[in-house]
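Each chain is listed here by its residues.
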Amino acid sequence: MFDLELKINSWSDYLRSSGKLDEEDILELENHLREQIDELTAKGLSKEEAFLISVKRLGNINKISDEYSKVNTEDLWKQLIADPVDPAVSKKDRKNILIIIIFALLAGTAAKLPTFFGINIDNSIKYFKNLSFYLIPFITLYFIIKNKINKKLIVYITGIFAITALVINLYPSYKPNHTAILTGIHLPIMLWLVTGIAYIGEKWKTKEGRMDFLRFTGECFIYGSLIMFGFFVLMMFTSLIFQSIAIDIESFMENYFIFYGPSAAAMITVYLVETKKSIVENFAPVLAKIFSPLFLITMLIFIGTVIFTGNSPYLERNFLIGFDLMLVLVLGMVIYTISARKMYDKKGIFDYLNGILIFVAIIVDGIALSAIIFRLTEFGISPNKLAALGENVLLLVNLAGLLWLYINYFREKIEFSIIETWQTKYLTVYAFWMAIVIFIFPIIFNFE
Amino acid sequence: MDISKDLIAASATPLILGILKKEDSYGYEIIKIIKKSSDNEIIWTEGMLYPVLHRLEDKGFIESYWEKPESGRRRKYYFLKKKGKLELEKHKKQWEIVHATLSEQIYEDKDNVEKGEDENV
């Protein structure tokens, strides 16, 4: 006896097993199948005949589900139809390029401005503290314009920028300026997270929006480094050829390039990564896949060396800084790999690799934390140590949460999206910690 | 006569947008309309319609909603958005250009027919 329901169910189960369609997609296709079957049976065909014909007309299920995964990465139509050059789009693009050029010049000038008032940028603590304000507001403004951010959010974003600028400049700084230096280091991270609101727009609280911003951040880092490297090569080359005709352009470099170079590189990066998203998208995940095993190997060798040589990281301060930079980089890469992951990807070797990377990072973080606690008890509390302690605890919680969720994911207890939710929610914690270091640390430590 | 896959792929977007311009519709109905209005010449692999609809929705040309008719099962209806209308206009122009050029170059009969009519007058 032919059981139609059973057949339809096994058909849609097969579709489901590809993992590329969501329930709504499946229901839509299933309904199509049912309509077709109804129509054919109404014409006098048997249920079995109607089912076979309908399935045939819908086409090869593997191909359909492949199509879905392509739709989600937009690959399919890039192959089929090249997007025509849309005059409206290219006009808008020109406008954006113009804004980028103007903002790059403005940011460079903003950074240079203090030198006109006789401030020596090399040892002015105030200049260092304000460093992020010469660039990040322009990036934020670019996104506010480009994404047509609504008034309420603009008020919030500019409010945060204005209050922060006011407070950090009203705070005095006494030698040895530890808290001021901490402010200078933490400020760009906090402001960048605020920029994220402008980047994402109204959906800034959603997982998807934040994941997109994380991906954007990772790509900015990669491409920004490449562009800065390019600028550096250009600079070396320029001074080399000018030297050959006995003209020293060092003073030009010192007076202009160091201000306008980085601001231009940053603005170009932001523009490229955002506008040429689809081209960048194909390349950056490859980079992440190349580097995550390399980082894993480096960390393992590092831990091994620490154990076998007995060189304790407890006493040497630079050791600790190296540890923490490495941790941040590894966490950044883990998160970037998560964000570059396609929604419909199945579990693969790189997911396991990411899991191992997180595990090793936790060990490294454990070593770093014990070193900090040792230093705290041995040498007493200082702003640097307290900041490092806070950051390492934050990292540890972040990593431990990730590891826990990864394990559950491998055991097929949770969907991958839960990992993304955890990571994106955790961003808020970082923003708050940065704010604490910037606003509260100076008060606690008497602005020293 | 079989219409080539490339041509079907290229005409998919304007066809769907055109159908949705007239009224909101759902996948099965869209396929039926295309079959009917092409006298069964344009036959799609029906399942392939849905990824295309997905993509058009992603691009903001169309949007969907579920609706349950008084009798029968729930259907996912699609409707044309303003951006989709503009896109359709663009496609229309492109196809007009293609059609006009083809007419001029390869439909040799066209001249004769017109001449024939002239003579009758």
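You'll find the structure just up there.
All of the points below concern the structure found in this document. Predicted model only: the values in this text are computed from it and were never measured.

## Notes on helix 15 (residues 349-379) of chain A
Residues and elements named next belong to chain A. The terminal C-alpha atoms of helix 15, which comprises 31 residues, lie 44 Å apart, in line with the 45 Å expected from a rise of 1.5 Å per residue. Listing the buried residues of helix 15 in full gives N354, L357, I358, A361, V364, D365, I367, A368, A371, I372 and R375. A positive backbone phi angle near 85 degrees is found at G380, which sits one or two residues after helix 15.

## What to know about unusual backbone geometry
Residue and element names in this part refer to chain A. The linkage connecting K175 with the following residue, P176, adopts the cis geometry, with an omega of 5 degrees. By secondary structure assignment, the location of P176 is in the loop between helix 9 (151-170) and helix 10 (178-200). Here N177, not a glycine, exhibits a phi torsion of approximately 60 degrees, which is positive. Position of N177 relative to the elements: it lies in the loop between helix 9 and helix 10.

## Describing the interface of chain A and chain B
The interface of chain A with chain B comprises 18 residues on the first partner and 16 residues on the second. If you list the elements that add at least two residues to the side of chain A that touches chain B, you get helix 2 (23-42), helix 3 (47-58), helix 4 (61-73) and helix 5 (75-80) of chain A. Top element by residues in the side of chain A that touches chain B is helix 2 of chain A. It accounts for 8 residues. By residue class, the composition of the side of chain A that touches chain B is 8 nonpolar, 4 polar and 6 charged.

## Some details on the environment of P293 of chain A
Residue and element names in this part refer to chain A. Tracing the sequence through the fold places P293 in helix 13 (residues 277-309). With 14 C-beta atoms counted inside 10 Å, the residue P293 sits in the partly exposed group. Taking the C-alpha atoms as reference points, P293 and N354, 61 residues apart in sequence, are found 8.8 Å from one another.

## Description of the packing of helix 10 of chain A against helix 17 (residues 416-444) of chain A
Residues and elements named next belong to chain A. Closest axis-to-axis distance for the helix 10/helix 17 pair is 9 Å, and the angle between their directions is 150 degrees. Between helix 10 and helix 17, the crossing angle belongs to the class labelled roughly antiparallel. The handedness of the crossing between helix 10 and helix 17 is left-handed. Here helix 10 contributes T179, L182, T183, H186, L187, I189, M190 and L193 to the contact with helix 17, which in turn contributes L427, Y430, A431, M434, A435, V437, I438, F441 and P442. For the contact of helix 10 with helix 17, a count of residues per class yields 14 nonpolar, 3 polar and no charged.

## Observations regarding the sheet that holds strand 3 (residues 75-80) of chain B
Residue and element names in this part refer to chain B. One open sheet accounts for 3 strands, arranged 1-3-2; its pairing is antiparallel. Two strands lie at the open edges of the sheet, namely strand 1 (25-26) and strand 2 (62-67), each paired on one side alone. In the sheet, strand 1 pairs with strand 3 via 2 bridges, with the strands oriented antiparallel. Pairing of Y26 across the sheet is with Y77, part of strand 3.

## Some remarks on the pairing of strand 3 of chain B
Relative to strand 3 of chain B, strand 2 of chain B is paired through 6 bridges, and the arrangement is antiparallel. Note that in strand 3 of chain B the partner of E63 of chain B across the bridge is F79 of chain B.

## Quick look at the nonpolar core
Ranked by size, the top nonpolar core spans 74 residues in total, and within it M267 and V334 of chain A carry the most contacts. Examining the composition of this core, we find that 11 residues originate from one element, helix 14 (residues 317-340) of chain A, more than from any other. Domain assignment of the residues forming this core places at least three in each of domain 2 (88-275) and domain 3 (284-414) of chain A. When residues no more than four places from it in sequence are discounted, the contact partners of V334 of chain A are N354, L357, I358 and L402 of chain A. Counting 30 residues, the second-largest nonpolar core is a separate cluster that includes L21 and I37 of chain A together with I31 and L53 of chain B.

## Observations concerning the environment of W422 of chain A
All names here are of chain A. Mapped onto the secondary structure, W422 falls in helix 17. The class for W422 is partly exposed, based on 16 C-beta atoms found within 10 Å. Sequence-wise, W422 and L402 are 20 residues apart; in three dimensions their C-alpha atoms are separated by 7.7 Å. Once residues within four sequence positions are removed from consideration, W422 is found in contact with G401 and L405.

## Considering the packing of helix 9 of chain A against helix 10 of chain A
The axes of two packed helices give the description: the angle between them and the distance between them. Residues and elements named next belong to chain A. Across the interface, helix 9 lies against helix 10 with an axial gap of 10 Å and an inter-helix angle of 170 degrees. Accordingly, the angle class assigned to the pair helix 9 and helix 10 is roughly antiparallel. On helix 10, the residues that touch L153, I157, I160 and I168 of helix 9 are T183, V194, I197 and A198. Here the residues of the contact of helix 9 with helix 10 are counted per class, giving 7 nonpolar, 1 polar and no charged.

The rules we used
- Residues numbered from 1 in each chain as written.
- Chains lettered and ligands numbered in written order.
- Predicted model: local features only at pLDDT ≥ 70, side-chain atom pairs only at ≥ 80, totals over all residues.
- Helix = DSSP H or I, 4+ residues; strand = E, 2+ residues; numbered from the N terminus.
- Expected span 1.5 Å × (residues − 1).
- Buried ≥ 20, exposed ≤ 12 C-beta atoms within 10 Å, placed from the backbone.
- Contact = placed C-beta atoms within 7 Å.
- Nonpolar A, V, L, I, M, F, W, Y, C, P; charged D, E, K, R; others polar.
- Axes fitted to C-alpha atoms, helices over the stretch in contact; angles between N-to-C directions.
- Parallel < 35°, antiparallel > 145°, perpendicular 65-115°, else oblique.
- Left-handed = near helix turned anticlockwise from the far one by under 90°.
- Pairing = 2+ DSSP bridges.
- Core = buried A, V, L, I, M, F, W, Y, C linked by C-beta atoms within 7 Å.
- Domains from an automatic or database assignment.

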